[in-house]
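If you want the building blocks of each chain, they are given just below.
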Amino acid sequence: MLLIIFFSIKDISNKATQWFKYGVLAGLAFHVHPTAVLAGYFVAVKWLENDRKIRNVVAMTLGIVLTFLPLLINEFKGNPNLVKGTLDYIRYQSTSIEALDFLKIIFGLWITGPYVMLKPLMNEYLAMFLVGVQALLQFLAFAAPLLLWKNIDERILKLLIHLWVFFILSCIGLIIIRANTPWYMTYGVSLTAAMITAIGLH
């Protein structure tokens, strides 16, 4: 997912071969975890900025299909595990979204996750103190660009806006995919949060 975001903000060539590689990368990312599909936001932004849109989307689609070829062959041979499993998963998922769900994801990223990782390494109270400090720094880093946006470089501001949109879409996607998302399964959101934090600290 990080590579997808990197290539989407980098001035890559507009050749069909580059978009084919982009598709292969996106397909492999999806194989790692379905939430990687959320990074399609950055792909769409890059695609809209370039010319020859039909050619590029065809090349990328071919790249994605290539990574799914073994599964597709298996499906056509009479073993519909992929389609059946996907449809069953969608059928039993709740699509309700509440504000509390967003807070649960943020709490897992900034509080639960860091505390679980620090607790075995040190005194419990020291771990709680460090978690509190880093949560405060995270909050300030998130808020800083909102307060100082006039002083931010135009290119960085554009990236920041896309990251914020992707952050919100990622949270919505996780809420839809899973009724309860543990902190260690929010890597897409945590990656985006880390990038926003880095810009805020900068």
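Here is what the cut-offs are and how they apply
- Residues numbered from 1 in each chain as written.
- Predicted model: local features only at pLDDT ≥ 70, side-chain atom pairs only at ≥ 80, totals over all residues.
- Heavy atoms only, no water.
- pLDDT = per-residue confidence, 0-100.
- Helix = DSSP H or I, 4+ residues; strand = E, 2+ residues; numbered from the N terminus.
- Buried < 20%, exposed > 50% of the residue type's maximum accessible area, 1.4 Å probe, protein only.
- Polar contact = N/O pair within 3.5 Å; in protein donor to acceptor, adjacent residues only side chain to side chain.
- Contact = heavy atoms within 4.5 Å.
- Patch = residues over 30% accessible without salt bridge, like charges linked within 9 Å, V, L, I, M, F, W, Y side chains within 5 Å.
- Areas by Shrake-Rupley, 256 points an atom, 1.4 Å probe, with all protein chains shown as cover.
- Salt bridge = Lys/Arg side-chain N within 4 Å of Asp/Glu carboxyl O.
- Axes fitted to C-alpha atoms, helices over the stretch in contact; angles between N-to-C directions.
- Left-handed = near helix turned anticlockwise from the far one by under 90°.
- Phe/Tyr/Trp six-rings, centres within 6.5 Å; stacked < 30°, edge-to-face > 60°.
- Parallel < 35°, antiparallel > 145°, perpendicular 65-115°, else oblique.
- Nonpolar A, V, L, I, M, F, W, Y, C, P; charged D, E, K, R; others polar.
- Core = buried A, V, L, I, M, F, W, Y, C linked by side-chain atoms within 4.5 Å.

Peer 1: Hey, could you run me through the confidence of the model for the protein in this one?
Peer 2: Per-chain confidence: the protein averages 76 in pLDDT, with 78% of residues scoring 70 or above. When pLDDT is averaged over each helix and strand of the protein, the minimum, 62, is found for helix 5 (residues 81-91) and the maximum, 85, for helix 7 (residues 124-147).

Peer 1: Looking at this structure, I do not really get the side chain of Thr-67. What am I missing?
Peer 2: By secondary structure assignment, the location of Thr-67 is in helix 4 (residues 53-76). Note on Thr-67: relative accessible area 15%, which makes it buried. Here the side chain of Thr-67 touches Ile-64 through a polar contact of 2.7 Å, landing on its backbone oxygen. Not counting residues up to four positions away in its chain, the partners in contact with Thr-67 are Val-24, Gly-27, Leu-28 and His-31.

Peer 1: I keep staring at a nonpolar patch on the surface and nothing clicks. Help me out?
Peer 2: Side chains of Phe-20, Ile-54, Val-57, Val-58, Leu-62, Val-65, Leu-66, Leu-69 and Ile-73 sit close together on the surface and give an oily, nonpolar patch of about 770 Å² of accessible area. If you tally residues by element for the nonpolar patch, the top one is helix 4, at eight residues. Within the secondary structure, Leu-69 is located in helix 4. On the accessibility criterion, Leu-69 (39% relative accessible area) is partly exposed.

Peer 1: Looking at this structure, how should I read the packing of helix 3 (residues 40-49) against helix 4?
Peer 2: Packed helices, taken two at a time, are described by the angle their axes make and the gap between the axes. Viewed as axis vectors pointing N to C, helix 3 and helix 4 meet at an angle of 145 degrees, and their least axial separation amounts to 9 Å. For the crossing formed where helix 3 meets helix 4, the hand is right-handed. From helix 3, Val-43, Trp-47 and Leu-48 reach across to helix 4, where they touch Lys-53, Asn-56, Val-57 and Met-60.

Peer 1: I tried to follow the packing of aromatic side chains on my own but got confused; where do I start?
Peer 2: Think of a pair of aromatic rings as described by two things: how far the centres are apart, and how the planes are tilted against each other in angle. Counted by the stated rule, this structure contains one aromatic pair. With 6.1 Å between their ring centres and 75 degrees between their planes, Trp-164 and Phe-167 make a pair best called edge-to-face. Taken together, the residues span about one helical turn, with Trp-164 and Phe-167 both in helix 8 (residues 154-177) at a distance of three residues.

Peer 1: I would appreciate a short explanation of the packing of helix 3 against helix 8 in the present structure.
Peer 2: Viewed as axis vectors pointing N to C, helix 3 and helix 8 meet at an angle of 140 degrees, and their least axial separation amounts to 10 Å. On the basis of the axis angle, helix 3 is oblique to helix 8. In this structure, helix 3 contributes Tyr-41, Phe-42, Val-45 and Glu-49 to the contact, and helix 8 contributes Lys-158, His-162, Leu-163, Val-165, Phe-166 and Leu-169. Its residues assigned to classes, the contact of helix 3 with helix 8 comprises seven nonpolar, one polar and two charged.

Peer 1: Is there a simple way to think about the nonpolar core in this case?
Peer 2: Nonpolar side chains in soluble globular proteins generally cluster together in the buried interior. If you look at the biggest cluster of nonpolar residues, it comprises 23 residues, and the most contacted ones within it are Ile-105, Leu-163, Phe-167 and Val-189. Mapped onto this core, the elements with two or more residues apiece are helix 3, helix 6 (99-118), helix 7, helix 8 and helix 9 (187-201). A per-element tally of this core places helix 8 first, with eight residues. Those residues in contact with Leu-163 that lie beyond four places of it in its chain are Phe-42, Thr-192, Met-195, Ile-196 and Ile-199. Counting residues in hydrophobic clusters, the runner-up holds six residues, among them Trp-19, Ala-26, Ala-59 and Met-60.

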